[in-house]
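Descriptive analysis of the structure
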Amino acid sequence: MATDSINKSEEQESAAWKGVRVAVTGGTSGLGLALVEHLLGRGAKVVFVARNRDGVDRVARERAGAHGITGDVAEKDDIYPIAIQILGAVGGLDVLINNASSLGPVPLAPLADTSCEDFELALETNLLGPFRLTKALLGALAASAREGRSPLVVNISSDAAINAYPNWGAYGASKAALHHLSEVWNTELRVQGIQVISWDPGDMDTPLHAIAVPGADPTALRRPEDAARELISKIEGHISTLREAGR
Ligand SMILES: NC(=O)c1ccc[n+]([C@@H]2O[C@H](COP(=O)([O-])OP(=O)(O)OC[C@H]3O[C@@H](n4cnc5c(N)ncnc54)[C@H](OP(=O)(O)O)[C@@H]3O)[C@@H](O)[C@H]2O)c1
């Protein structure tokens with residue numbers, strides 16, 4: 001009986017994702033990789049982006065059905081090529097997850113010791129990259145809305161967007177701006193049926209966290225797979241609410 005109901009809920013989860021076209025930036029490590037794996041497992045059409053070609057090829061080779069794109073979301077000139085490849089790979093777009101991120105200065109440093117270049121890198125990767133990529137994909141997201149597919153943009157945020165942690169200034173400022181951008185864009189795009197949210201996954205055991213906090217105990221951190229599962233449930237909730245509202 002218990003097994004039957006577990007299978008049933010897994011089937012229902014999968015049914016919700018069958019054929020949904022999803023793009024994940026930063027899909028070769030940590031949260032992004034976990035999202036790629038879990039979404040593929042639920043039957044979504046998944047395309048992901050990262051800078052390192054070997055990493056992209058490896059993930060695409062090892063995860064059947066995953067489409068990999070090599071590109072840098074911090075580079076303005078990469079954005080349209082990335083957007084065109086996303087649409088070519090999965091034939092449109094329903095969910096965009098802007099997950100790729102830069103810490104800024106590594107090791108983390110007080111703002112007074114942060115170079116303008118490191119600050120710019122955090123803003124280019126964490127704020128302007130998501131802004132440009134979302135903008136380049138708005139036509140496809142609007143088409144998804146017209147087809148009743150309830151498109152959604154998820155910008156991955158952090159508690160550093162809210163709390164003023166010393167040494168996290170470049171990263172925190174970029175994530176705070178990303179959070180605000182998400183809220184403004186959500187109000188502007190709702191009329192077209194496109195929803196934009198920002199979401200904080202919590203502290204996870206990933207390479208990014210290991211670089212930021214080298215002495216942290218990995219066992220006290222969240223597994224990226226658990227964060228991915230939580231986000232996927234949240235997205236399902238958003239999509240079904242929008243569909244019920246008939247947007
Ligand atoms: N880990 C945490 O504790 C934590 C806490 C709160 C929020 N977050 C947020 O969660 C998200 C995922 O973090 P994570 O810890 O999973 O990171 P991660 O393990 O370091 O993975 C980052 C991924 O992004 C790609 N990437 C980095 N810069 C890129 C760029 N400019 N263009 C394209 N791809 C790029 C990386 O591949 P390449 O290097 O090959 O490009 C990699 O696939 C980030 O937005 C982060 O800010 C993390």
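Residue positions are counted from 1 within each chain, in the order its sequence is given. Selection of residues for local features in this predicted model requires a pLDDT of at least 70, selection of side-chain atom pairs for listing and counting requires 80 or more, and totals for whole chains, interfaces and linings are taken over all residues.

**What about the nonpolar core?**
A set of buried Ala, Val, Leu, Ile, Met, Phe, Trp, Tyr and Cys residues, joined through C-beta atoms within 7 Å, is what we mean by a nonpolar core. Labels follow a simple rule on C-beta atoms placed from the backbone: if 20 or more others lie within 10 Å of a residue's own, it is buried; if 12 or fewer, it is exposed; otherwise it is partly exposed. One finds Val 22, Leu 35, Val 36, Val 46, Phe 48, Ile 86 and Ile 97 to be the most contacted residues of the largest nonpolar core, which totals 52 residues. Contacts of Val 22, omitting those with residues within four sequence positions, involve Leu 39, Ala 44, Lys 45, Val 46, Asp 94, Val 95 and Ile 97. With 13 residues, the next largest nonpolar core counts Leu 103, Ala 122, Ala 161 and Ala 173 among its residues. Here, residue contact means that the backbone-derived C-beta atoms of the two residues sit within 7 Å.

**Some remarks on the sheet that holds strand S6 (residues 195-199)**
If you walk across this open sheet you meet the six strands as S3-S2-S1-S4-S5-S6, and the pairing is parallel. Looking at the sheet topology across the chains shown, the edges are occupied by strand S3 (67-70) and S6. Adjacent strand axes in the sheet meet at a mean angle of 15 degrees, parallel and antiparallel pairs treated alike. As judged from the four bridges shared by strand S2 (residues 45-50) and S3, these two strands associate in the parallel manner. Two strands pair under a simple rule: DSSP has to find at least two bridges between them. Elements are defined by DSSP. Helices are runs of H or I of four residues or more, strands are runs of E of two residues or more, and each kind is numbered from the N terminus. In this analysis an axis means a line fitted to C-alpha atoms, helices contributing only their contacting stretch, and an angle means the value between N-to-C directions, from 0 to 180 degrees.

**What about the packing of helix H4 (residues 76-90) against helix H5 (residues 116-136)?**
Where H4 meets H5, the closest approach of the two axes is 9 Å, and the angle between their N-to-C directions is 35 degrees. The crossing of H4 and H5 is right-handed. In this structure, H4 uses Lys 76, Ile 79, Tyr 80, Ile 82 and Ala 83 to contact H5, whose residues at the interface are Arg 132, Leu 133 and Ala 136. When its residues are assigned to classes, the contact of H4 with H5 shows six nonpolar, no polar and two charged. Should the near helix be turned anticlockwise from the far one by less than a right angle, the crossing is left-handed, and should it be turned clockwise, the crossing is right-handed. Three classes are used, and their members are as follows: Ala, Val, Leu, Ile, Met, Phe, Trp, Tyr, Cys and Pro are nonpolar, Asp, Glu, Lys and Arg are charged, and the others, Gly among them, are polar.

**Observations regarding unusual backbone geometry**
Each neighbour pair has its own omega, and for Val 106 with Pro 107 the value is -5 degrees, a cis peptide bond. On the secondary structure map, Pro 107 appears in the loop between strand S4 (95-98) and H5. Of note, Ser 150 is a non-glycine position whose phi angle comes to about 55 degrees, a positive value. Among the secondary structure elements, Ser 150 is positioned in the loop between helix H6 (138-146) and strand S5 (152-156). Phi angles above zero are rare outside glycine, and Asn 167 is one such case at about 80 degrees. Its location among the elements puts Asn 167 in the loop between S5 and helix H7 (169-189).

**Observations regarding H4**
To estimate the expected span of a helix, subtract one from its residue number and multiply by 1.5 Å. Between its terminal C-alpha atoms H4 stretches 22 Å, which fits the 21 Å expected from 15 residues at 1.5 Å a residue. Of all the positions in H4, only Ile 79, Ile 82, Ala 83, Ile 86 and Val 90 are classed as buried. One face of H4 carries all of its buried residues, which in axial projection span an arc of 100 degrees. When the buried face of H4 is taken as reference, the exposed residues oriented beyond 90 degrees from it are Asp 77, Tyr 80 and Gly 88. At its buried positions, H4 is contacted by strand S1 (21-25), S2, S3 and H5. What the arc covers is the set of directions going from the helix axis to the C-beta atoms.

**A closer look at H6**
Where H6 is concerned, the buried positions are Ala 140, Leu 141, Ser 144 and Ala 145. For H6, the buried positions fall inside an angular range of 145 degrees around the axis, keeping them on one side. Turned more than 90 degrees away from the buried face of H6, the exposed residues are Gly 139 and Arg 146. Contact partners of the buried residues in H6: H4. Taken from the residues just after H6, Gly 148 is the one with a positive phi, measuring 75 degrees.

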